[in-house]
There are 6 protein chains.
Amino acid sequence: MRPSGRQLDEMREVSIETNVTKHAEGSCLIKMGDTHVLCTATLEDRVPPFIKGSGLGWVTAEYGMLPRSTSSRMRREAAAGKQGGRTVEIQRLIGRSLRAGVDRVALGERQITVDCDVIQADGGTRCASITGGWVALRLAVNKLLKAGDIVSDPLLDPVAAISCGIYAGQPVLDLDYPEDSEAGVDGNFIMLGKKTLIEVQMSAEGSVFSRDQMNQLMDLAEKGVTELAAAQLAATA
Amino acid sequence: MRPSGRQLDEMREVSIETNVTKHAEGSCLIKMGDTHVLCTATLEDRVPPFIKGSGLGWVTAEYGMLPRSTSSRMRREAAAGKQGGRTVEIQRLIGRSLRAGVDRVALGERQITVDCDVIQADGGTRCASITGGWVALRLAVNKLLKAGDIVSDPLLDPVAAISCGIYAGQPVLDLDYPEDSEAGVDGNFIMLGKKTLIEVQMSAEGSVFSRDQMNQLMDLAEKGVTELAAAQLAATA
Amino acid sequence: MRPSGRQLDEMREVSIETNVTKHAEGSCLIKMGDTHVLCTATLEDRVPPFIKGSGLGWVTAEYGMLPRSTSSRMRREAAAGKQGGRTVEIQRLIGRSLRAGVDRVALGERQITVDCDVIQADGGTRCASITGGWVALRLAVNKLLKAGDIVSDPLLDPVAAISCGIYAGQPVLDLDYPEDSEAGVDGNFIMLGKKTLIEVQMSAEGSVFSRDQMNQLMDLAEKGVTELAAAQLAATA
Amino acid sequence: MRPSGRQLDEMREVSIETNVTKHAEGSCLIKMGDTHVLCTATLEDRVPPFIKGSGLGWVTAEYGMLPRSTSSRMRREAAAGKQGGRTVEIQRLIGRSLRAGVDRVALGERQITVDCDVIQADGGTRCASITGGWVALRLAVNKLLKAGDIVSDPLLDPVAAISCGIYAGQPVLDLDYPEDSEAGVDGNFIMLGKKTLIEVQMSAEGSVFSRDQMNQLMDLAEKGVTELAAAQLAATA
Amino acid sequence: MRPSGRQLDEMREVSIETNVTKHAEGSCLIKMGDTHVLCTATLEDRVPPFIKGSGLGWVTAEYGMLPRSTSSRMRREAAAGKQGGRTVEIQRLIGRSLRAGVDRVALGERQITVDCDVIQADGGTRCASITGGWVALRLAVNKLLKAGDIVSDPLLDPVAAISCGIYAGQPVLDLDYPEDSEAGVDGNFIMLGKKTLIEVQMSAEGSVFSRDQMNQLMDLAEKGVTELAAAQLAATA
Amino acid sequence: MRPSGRQLDEMREVSIETNVTKHAEGSCLIKMGDTHVLCTATLEDRVPPFIKGSGLGWVTAEYGMLPRSTSSRMRREAAAGKQGGRTVEIQRLIGRSLRAGVDRVALGERQITVDCDVIQADGGTRCASITGGWVALRLAVNKLLKAGDIVSDPLLDPVAAISCGIYAGQPVLDLDYPEDSEAGVDGNFIMLGKKTLIEVQMSAEGSVFSRDQMNQLMDLAEKGVTELAAAQLAATA
């Protein structure tokens, strides 16, 4: 029934290649099927003004899409002169989600910026960015630990994200673009690997939904996150 | 236990004053306690380019805060030269939520723009904007119906929104600013009056949350929306 | 002869409601007929860089119109990405006018920002902003005096503003929108309550004017300012 | 008493050199003492959208200062990314003033853009821009008349502008920069050559003023405009 | 003598992987040593307004660097709100260079946009962008030929670019970042495969240069371009 | 054969008038035929952050065109909200070229900003800006030497620039606008007076070029620079 022939609760193939760029303190190329996102983590000693002197660390994120990552070419945001509303919304979500998995006292007064750049898009780019972003973050934090710059690990459990939705009347896991553009309900679920919740966003797209449907999507999301967390741990082992 | 002395499941006092400005086709001043939002609906015959000729209508929204609606003065976004990320996120949410309650075929090829301007803020401005925005929309649509410009009513059921969160370890309904700034989990729930879901957003703010807690917040939200829908219908009767 | 039926030298009804918002140090809602402006005064300890260390205070103003304060909806300036020329001109005028009525030594090194936001427009919004802005300023200064933060009162006399113009060949006081859009000459007169002049702006709009006509408008303006100053003092008594 | 040694009612030396650039339809370099402004008039067949099809013409103006026209270098507005409030205010004034002296029916549906660029500034640049701008406009209109593109002359009388102010307690004509920066009251007077008024702007700068003083400044301004109109006519004869 | 141990006239290893993204009509990932650039070509039926109806085609280019393509993180241009001067200069150069190798009559009235996004930078990104950009262009044009949309091939000869410079007093081919940042003279040479010149840019960076040195750099560049053109043809065979 | 009747190796008449504005530390109006550029040099004690404390000086440049310096009116960049790509490219070139002729140690930790504003354009504005910019720079440096603020002269040899190109198949010196718009190859050559090279830019405009042609243009450029350097020295003697 799904355009890709996948089962309702079947995720796309996940691949996470680490250390793909020589400059960043942590990096990976995450592929969720045909959605490819390059994630890099940059370590800096400065923190934003509002926490200066607090002893707390900060994790923030930026998101972008290459102009031809999509089926028809998108205008370059740098040329348009500003980041669009969707971009801003997504990068705020990535930053907020990753911070929820960080012990900011243990990180100490430093900032890690996670850049997520979509090389090729086929639905689910924000979720792939969070999942891959955590891997880049993990690798950068490993450098701090190895160098003795921090003593206790500020990352307790992977942060992973997956989309689920109601497609053709059925709850499905990990929407690709053809499904996403037709789905009546669309949700993004961000959790720790142990399945406690960080952020839930569900949105009617043409049809409203019931609490029952919401619970079905939550069940699928828990399955997906469990698999993603395993892939994250394997990639950074 | 709550700073305001309210019960855990007690909303702030709601007041909706309609027709507060002489120019707009629909308008109201909604007060959720000390949160006051002026909502106006503007009717235009043109639609955005992407639906021109489709016969479908469009509902969109914009959101703003007066510089001194808040405890300390905020910089005016027009002076800053752009709308901030939070503003963009909120106005996209308002528009999406209101559209979910509109039969766009019945509306016909015309656009209604709902402006939500926060006169005084004390938490929950985006939810008040949606709830009040629907009232302004209802009044503007009534003009169309009365004038015979449209025949069947495109608004079936009120769209209402309420925030719930975990405050001091307890699930509470309708967070005010002192609660919102301390809450560990914060959620916005947008529903039709009959309690089917339009949008759910839950976010960990310092502490993650469980599915049980999520369900407790949903229960509170359903109670709140039922009361809000009654107030919306009373105001527009 | 006037669309509103007013006498040539008759102002619209003035109403000034004070303390309309709980956050601002001073605030009022001024109504000149159907022109309604919300004015708030914000007190801050910092001053602009160019007077730092001078011991002098500063008063500045910002102006905005809600999108549907007007007959047809105006584009939100925050969305357009900049304040238009008219807005900039008006807010510079408001700030300059209010400063002319302030003893900046007595105020001491602090800044008061007066925000004037037009809720509903029917002509004369800049004059209403100045008149109402002074009331908000007066209330904020009263707080400073009451708290003992300043000793001598920096506000000697109300600053009030009124428009006059040549409408249908006759000099009239306090133009409303239907008059303003037809007037051949349009002037704004800003004075202290005792009628000394702060700013005079007269502009031909389609027809030039003589010194005689200029003097007739000045006479009307003096009458208007006298009445406005009385209303300002009554509202802040 | 004046820094320049001029009499109270003595203007700076005026020089108007015409046809100073080969591309513009009309141009002049106007010098009011050390204030030098290059004015060009550009003739275009298109008009702004709001008068398309009306048969009426349009005159508009833009104003700029070269970065080192002033005593210390100003930031280039193109580099700053926007025209400042003062620039916008001035160019709106120039356009409005010149339009007041144009019979827009006689001009026909075409636009003339007057650019005023300050090469060297020593006070009074906006007045010099209006006076010189009219000369450029006159020369461009002469081309239209000569070519038979229009039949009746849309320019009846020169538009000229002069500043006056209260300097060291005395009313003085044509403030230069040292006077302008010290003046307690500062006014700009724009008139037709026959002394009917187009625009009057008087502003308290540190001290308020009386109607008597206003009248003294008006007397000086009438003297100045008479001399300027003679210079304009001589330059374009 | 060179930091990399290369001979004076030795280029870095070149690799060109084609068809690396599923959406673009043509694409490649070009690697010049550690400089990696993703090039995509987008085919569109519309052309810029200034050639509409001329029957001529257009080729244009845009350039960007991922924030962490460099040793320390660069600010994202979309966030900064504009493309920097260097970016604009480079993308104008890429577009101009590629157009010089296109028969715009044979291309017909359509536009090809070449996007060059630097994934990892180690000097010479603009040259790699041109060389890789031509490959993406070639592949997109092949699609047009294969589909019969154009009949005669508008690309006659590869366009390739290489940098040369004076490093430690010696002329060297294909500067990497450590060389580039120390070079006294830096040049970019864009040629057709048969070595006729399209663009030459030589710049003193700290030391001026002689005509003799200029000729030595030209000799090296001809060697480099010959090798690059062979690689381009091999990749697109 | 040339539209102006000049010989192939004949420059336009050069005139350099110095000290044309009273505020700038150095200034000139350079005329290359009908191309007129006003150049001013501003001396400031501050330097850009990246060389603070280094003891080195800095020379930078900005470039602009008056709106009606060209045959048809150009949009004012300040009104457009940004400097165009061409402007940015040119001002970077001017600054880079002038710095190449400055001993930054001898200049000491101060900045000189050279503004080049095109009053009238007829081709070759960037070259005229560099040549005239050096004259303004020379005059400003002379002030420093005279005042004893610096001891040894940081300017060793004039920096001059000239364009050459292939017009109607022939190499010609100093292209004017009619030639420039038709030229198949266009080059800008920046040298010290003694003919060592600072920057060479050659660009195919419609036809590619050979090394032979490149050498012919270089020969012409050397002739031109020799004459320009003589004019620069004469003007500043």
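Everything quoted here is computed from the prediction, not taken from an experiment.

Colleague: Got a minute to help me understand the overall build of chain A in this structure?
Modeller: When helices and strands are tallied, chain A shows 6 helices and 9 strands. For 237 residues, the compact-globule estimate of 2.2 N^0.38 gives 18 Å, and the C-alpha radius of gyration of chain A, at 18 Å, lies within 12% of that figure. Over its C-alpha atoms, taken along the principal directions, chain A stretches across nearly 50 × 40 × 30 Å. Counting the 237 residues in chain A, one finds 60% classified as buried. Within chain A, contacts between residues separated by at least 24 positions form 69% of all contacts whose residues are at least 6 apart in sequence. Total accessible area on chain A is roughly 8700 Å²; 48% of this is exposed by carbon and sulfur atoms. Distance between charge centres in chain A, computed from 26 positive and 31 negative side chains, equals 6 Å.

Colleague: What should I look at first to understand helix α6 (residues 211-235) of chain C in this one?
Modeller: Residues separated by three or four positions in an α-helix point in the same direction, a consequence of the helix having 3.6 residues per turn. The first and last C-alpha atoms of α6(C) sit 36 Å apart over 25 residues, in line with the 36 Å expected at 1.5 Å per residue. Among the residues of α6(C), those classed as buried are C:Met214, C:Leu217, C:Met218, C:Leu220, C:Ala221, C:Glu222, C:Gly224, C:Val225, C:Leu228, C:Ala229 and C:Gln232.

Colleague: Explain the interface of chain F and chain D to me, please; I cannot follow it from the model alone.
Modeller: Where interface size is given, it is often the accessible area lost as the parts come together that is meant. Every contact between the two is made by 36 residues of chain F and, on the other side, 36 residues of chain D. Between chain F and chain D, a total of about 2700 Å² is buried, with carbon and sulfur atoms accounting for 48% of that surface. For the chain F face of the interface with chain D, the top three residues by lost area are F:His23, F:Arg68 and F:Arg76, together amounting to 26%. The tally of links between chain F and chain D comes to 14 salt bridges. Between F:Arg68 and D:Glu25 there is a salt bridge whose closest N-O contact spans 2.6 Å. At the junction of chain F with chain D, the criterion picks out 26 residue pairs in polar contact (both at pLDDT 80 or more). At the level of elements, β3 (35-44), β4 (58-65), α1 (77-80) and β5 (111-120) of chain F are the ones that each hand at least two residues to the side of chain F that touches chain D.

Colleague: For this particular structure, what's the right way to read the arrangement of the chains?
Modeller: Separated throughout, chain A and chain C approach each other most closely at a C-alpha pair spaced 10 Å apart. Here chain A and chain F are not in contact; the least distance found between their C-alpha atoms is 10 Å.

Colleague: Just checking my understanding: could you explain the relation of the copies chain F and chain D for this structure?
Modeller: Mapping one chain copy onto the other needs a rotation about an axis and a shift along that axis. Between chain F and chain D, the superposition needs a rotation of 180 degrees and an axial shift of 0.0 Å, giving an RMSD of 0.0 Å. Put plainly, the chains are arranged around a two-fold axis. Closest approach to the rotation axis among the C-alpha atoms of chain F is made by F:Ala78, whose C-alpha sits 1.9 Å away. Of the residues that chain F buries at the interface, 100% are likewise interface residues in chain D, meaning the two copies contact each other through the same surface.

Colleague: Could you clarify how one ought to interpret a positive patch on the surface in this entry?
Modeller: A cluster of basic side chains, namely A:Arg75, D:Arg75, E:Lys82 and F:Lys82, defines a positive patch on the protein surface. The topology assignment puts F:Lys82 in the loop between α1 and α2 (85-99).

Colleague: Just checking my understanding: could you explain the sheet that holds strand β2 (residues 26-32) of chain E for this structure?
Modeller: Hydrogen bonding along the main chain pairs the strands of a sheet, whether they run parallel or antiparallel. Residue and element names in this part refer to chain E. Taken together, 5 strands build an open sheet; the order of strands is β1-β2-β3-β5-β4 and the sheet is mixed. One side of each edge strand has no neighbouring strand; the edge strands of this open sheet are β1 (14-18) and β4 (58-65). Strand-to-strand twist of the sheet, defined as the mean angle between neighbouring strand axes without regard to direction, takes the value 20 degrees. Alignment of β4 against strand β5 (residues 111-120), held across 8 bridges, turns out to be parallel. Counterpart to Tyr 63 in the pairing with β5 is Cys 116. Here helix α2 (residues 85-99) sits on the sheet in contact with β4 and β5, set at roughly 145 degrees to β4. Docked against the sheet, helix α6 (residues 211-235) engages β1 and β2, running at close to 25 degrees with respect to β1.

Conventions used here
Counting from 1, residues in each chain are numbered in the order their sequence is written. To read the labels, note that chains go from A and ligands from 1, taken in the order they are written. Since the coordinates come from a predicted model, pLDDT governs what is reported: local features require at least 70, and pairs of side-chain atoms require 80 or more to be given and counted, while whole-chain, interface and lining totals use all residues. Calculated side-chain values reflect all of the structure's heavy atoms, with hydrogen atoms and water omitted. Helical segments are the DSSP runs of H or I of at least four residues, strand segments are the runs of E of at least two, and each set is numbered from the N terminus. When we talk radius of gyration, it's over C-alpha atoms, and the globule rule is simply 2.2 Å times the number of residues to the 0.38. Throughout this description, buried means an accessible area under 20% of the type-specific maximum (1.4 Å probe, protein chains only), exposed means over 50%, and partly exposed covers the range between. Contact criterion: two residues are considered in contact whenever any of their non-hydrogen atoms come within 4.5 Å of each other. We get accessible surface area from the Shrake-Rupley algorithm with a probe of 1.4 Å; when it comes to residues, only the shown protein chains can shield them. A positive count includes Lys and Arg, and a negative count includes Asp and Glu. His and the chain ends are not counted in either. All charge positions are set by atom: Lys at NZ, Arg at CZ, Asp at CG, Glu at CD. The span one expects for a helix is its residue count, reduced by one, times 1.5 Å. In short, buried area is how much 1.4 Å probe accessible area vanishes from two parts on joining, totalled over both. The salt bridge criterion pairs a side-chain nitrogen of Lys or Arg with a carboxyl oxygen of Asp or Glu, the two atoms within 4 Å. Contacts described as polar in this section are N or O atom pairs within 3.5 Å, which, within protein, must combine one atom able to donate a hydrogen with one able to accept it, while residues neighboring in sequence count only if both atoms come from side chains. In this comparison the copies share one frame, found by least squares on the C-alpha atoms of residues holding pLDDT of at least 70 in both. Candidate patch residues must exceed 30% relative accessible area and have no salt bridge, after which like charges are joined if within 9 Å and Val, Leu, Ile, Met, Phe, Trp or Tyr side chains if within 5 Å. We treat two strands as partners when DSSP finds at least two bridges between them. Interaxial angle, 0 to 180 degrees, is taken between N-to-C directions of lines fitted to C-alpha atoms, where a helix line uses only the stretch in contact.

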